[in-house]
Structures are given as structure tokens and as C-alpha cells.
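Per-entry structural report
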Amino acid sequence: MKAWYTTLLVVTLGALFPLSAVAQEPVRILACEPEWAALAEEIGGDDVIVHSATHGRQDAHHIRARPSLIAKVRLADIVFCSGAELEVGWLPVLMQRGARRIVQPGQPGHIMAADHVEVMERPEVIDRSLGDIHPSGNPHVHLDPRNIATLADVLANRLARIDPSRSDAYRERLASFQSRWADAMAGWQKRTERLRGMKVIVHHKAWPYLLHWSGLKRVTALERVSGIPPTASHLAEVFELARNSGTKVIIRAPFEPVDASDWLFGKTAIPVVELPFTVGGHPEAQDLFSLFDVTLTLLEEVQDRP
Ligand SMILES: [Zn+2]
């Protein structure tokens, strides 16, 4: 009799609260940059709570390990960053302040994008005395959309491992995202055809993945050493290169100092374009899809100028 009641109770409760409706703790993801937060929202949907340590108008090389971030990292089930030392000035400090084992290096909750893609511009000799902030190669891997697809797979796998009861939901969202992303990439690839070979000067070497994917050519950078403001003698060299190379545009990110690029524009009349760089870096770049859409539109507008 008791067993019968128990069965009835289980069946009744099961009908009232089907498994999918039982409140489960969301997976907490701390992203270091807005692009990874956006990807986490695509793959995690309602099953995750995502916080980005930086916003689209902040330079992720240089933020403070402030108390609100320490509180976030303590709760995190996943820490999702660019890696390759982009966050070396603040992420290790955060991690030492009570981050759980699951997000430590080698654990499923530790995702560094640069560990999963081919890193460009690895220096042959690391000389930190120069102040180079890219000693492990270029960390800005998100601006090649193929890398976004790779990281979508990585993230979905990690979510399924950390939260197996909802692994089907993660796999479904991944499949949907990859299908939409492949369609979008095919469209973008077409649009890059007429941009190929366009010569650009950049402020910081933040764009090699975008340039490599889209076929743009970097003439030089206003920062001779990444992270070090340009010197007068280097600017004189950049000016000579700009005059003699057929450079079409000077590219900077929203959070970069404007003085060097404005100076070069003043001397050469080569237009300066502020590309979004990441989600939130332009009013219309509010997700990963519009990030690439807006970036290409801004470059096309320059290409169309006489
Ligand atoms: Zn950088």
C-alpha cells in the first residue's frame, strides 16, 4: 500500500513539475570580453547567467581587478577569456581571490580562446623589456569569424560536461548557432572579395585576425611596440610609409587614444575609421552577427570613397 502511494505521489509530482520545469541553478559564466559573453549567451541561452568583465569601449589589456569582479569570479562555473596574456594584468589577481577549482587552468570551466585556435604573431624572441603586451602572440583572436565557430564548439562541450542534465539544450543551441553563423560567414566572405588587398594602418595590432580573414593588408601600426605609445621618430616613419604605400584607411578601436591617428589624418588626409572591435563597440554592433556586419559596412564605405 505504501509503495502504491509513493508511486502515485511521484507520478502526480512528475505531472505537476515536469523535469524541464524544475528550477535548476543556471551555469554562471564570467567572460573577460564582450565577444565571449555574447557567444556564451548564444550557446547558453536561459540556462546560463553571463557577466562580462569589460564592455565594448574598454581596453581589456588594462582594467582593474575590482571587488565587484572578485565577487563574480568566486561564483563562476566558467571563466571564458581570450587568453594569450591579454588579461595577464588582472585575471590572475582575480583568480587568486577565491575562484573555484572548476575554473582553474586544466579544469572544464577554464576556457582561453587562444588555446583553441592558431595564434598569429608569436614573437620569435620574447623581450618583455620592450614592454610588448603581446608576448605570447596576438591575443585578439575573435575577429576571425572562423575562430568564433571553433569556440562555440568548445563552449558547448564544456557546458555539457559541467551541466550534463541540460546537454541536449546546449547541443541544440550550438547546432542552431553554427547553421546561422555558417550562412552569415558565407555572406561576409562574399563581401570581403572587394575589400581584398585594401591597405590599412592600425593604431594597435588588434586586427591581424580580421585582416587575415578578409584579405586586408596592414602597412604598419602607429604603436611600434604593442602597448607603448608611438614615439615621434616612429610616427615620422609611419608618415613616410602612409604617403608612399597607397594606404586607404587608418583603423582604431573605440577605446584607443585618438591623437596619433588624428595626427596622421591631418598630415595625409587618409580617413580614420573607428571599427567596433567587439560587441558594444558601436551602437549597431549589439551581437556577434552585427559586429561583423557593421565592421564590413564601415570598411566598404571607405573602399567606396574616391
Ligand atoms: Zn593587444
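Residues numbered from 1 in each chain as written. Predicted model: local features only at pLDDT ≥ 70, side-chain atom pairs only at ≥ 80, totals over all residues. Heavy atoms only, no water.

1. What to know about the pattern of salt bridges
If you walk through the whole model with that rule in mind, you get 14 salt bridges. Where Arg 166 meets Asp 47, a salt bridge forms, and the shortest distance between an N and an O atom there is 3.7 Å. Pair noted here: Arg 166 is in the loop between helix H5 (145-162) and helix H6 (167-192) and Asp 47 is in the loop between helix H2 (34-44) and strand E2 (48-52), with a separation of 119 residues, a long-range link. Asp 47 gets classed as buried once you look at its relative accessible area, which sits at 12%. The salt bridge involving Arg 191 is made with Glu 300; its shortest N-O contact spans 2.9 Å. With a gap of 109 residues between them, Arg 191 in helix H6 and Glu 300 in helix H10 (residues 288-304) connect regions that are remote in the sequence. Residue Arg 191 is classed as partly exposed on the basis of its relative accessible area of 24%. Here Glu 300 falls in the buried class, since its relative accessible area comes to 13%. One connected set of salt bridges, linked through shared partners, spans Asp 47, Asp 163, Arg 166 and Arg 173. (Salt bridge = Lys/Arg side-chain N within 4 Å of Asp/Glu carboxyl O. Helix = DSSP H or I, 4+ residues; strand = E, 2+ residues; numbered from the N terminus. Buried < 20%, exposed > 50% of the residue type's maximum accessible area, 1.4 Å probe, protein only.)

2. As for the nonpolar core
Leu 39, Trp 181 and Trp 207 are the most contacted members of the largest nonpolar core, which has 66 residues in total. Among the elements that take part in this core, H10 stands out by supplying 9 residues, more than any other. Structurally, this core is a two-domain feature, drawing no fewer than three residues from each of domain 1 (26-188) and domain 2 (190-304). The contact partners of Trp 181, leaving out residues within four places of it in the chain, are Pro 145, Ile 148, Ala 149, Trp 188, Leu 288, Phe 289 and Phe 292. (Core = buried A, V, L, I, M, F, W, Y, C linked by side-chain atoms within 4.5 Å. Domains from an automatic or database assignment. Contact = heavy atoms within 4.5 Å.)

3. Digging into the sheet that holds strand E4 (residues 110-112)
Across a sheet, paired strands are connected by hydrogen bonds in the backbone, their directions being either parallel or antiparallel. Reading across from one edge, E2-E1-E3-E4 is the order of the 4 strands in this open sheet, with parallel pairing throughout. Only two strands of the sheet have a single neighbouring strand rather than two, namely E2 and E4. Across the sheet, the axes of successive neighbouring strands diverge by a mean angle of 15°, strand direction being ignored. Sheet analysis places strand E1 (residues 27-31) next to strand E3 (residues 78-81), joined by 3 bridges and oriented parallel. (Pairing = 2+ DSSP bridges. Axes fitted to C-alpha atoms, helices over the stretch in contact; angles between N-to-C directions.)

4. Regarding the environment of Ser 176
As for its position among the elements, Ser 176 is in helix H6. With a relative accessible area of 35%, Ser 176 lands in the partly exposed category. With 133 residues separating them along the chain, Ser 176 and Ile 43 place their C-alpha atoms 9.0 Å apart.

5. As for H5
Taking 1.5 Å of rise per residue, 18 residues should cover 26 Å, and H5 covers 26 Å from first to last C-alpha, within 8% of that figure. Of the residues making up H5, those classed as buried are Pro 145, Asn 147, Ile 148, Ala 149, Leu 151, Ala 152, Val 154, Leu 155, Ala 156, Arg 158, Leu 159 and Ala 160. (Expected span 1.5 Å × (residues − 1).)

6. A look at the domain arrangement of the chain
For interface size, the figure often reported is the accessible area lost on association. You can read the domains of the chain as domain 1 (26-188) and domain 2 (190-304). Centre-to-centre separation of domain 1 and domain 2, based on C-alpha positions: 24 Å. Contacts between the two partners involve 36 residues from domain 1 and, on the opposite side, 32 residues from domain 2. A combined buried area of about 3000 Å² lies between domain 1 and domain 2, and 66% of that area is made up of carbon and sulfur atoms. It is Arg 57, Leu 143 and Trp 188 that lose the most area in domain 1 upon contact with domain 2, and together they represent 28% of the buried surface on that side. Ionic pairing is found between Arg 218 and Glu 121, a salt bridge with its closest N-O pair at 2.9 Å. Of all the elements in the fold, those that place two or more residues in the side of domain 1 that touches domain 2 are H2, H5 and H6. It is H6 that contributes the most residues to the side of domain 1 that touches domain 2, 7 residues altogether. Split into classes, the residues belonging to the side of domain 1 that touches domain 2 amount to 16 nonpolar, 10 polar and 10 charged. (Buried area = accessible area lost by both parts, 1.4 Å probe. Nonpolar A, V, L, I, M, F, W, Y, C, P; charged D, E, K, R; others polar.)

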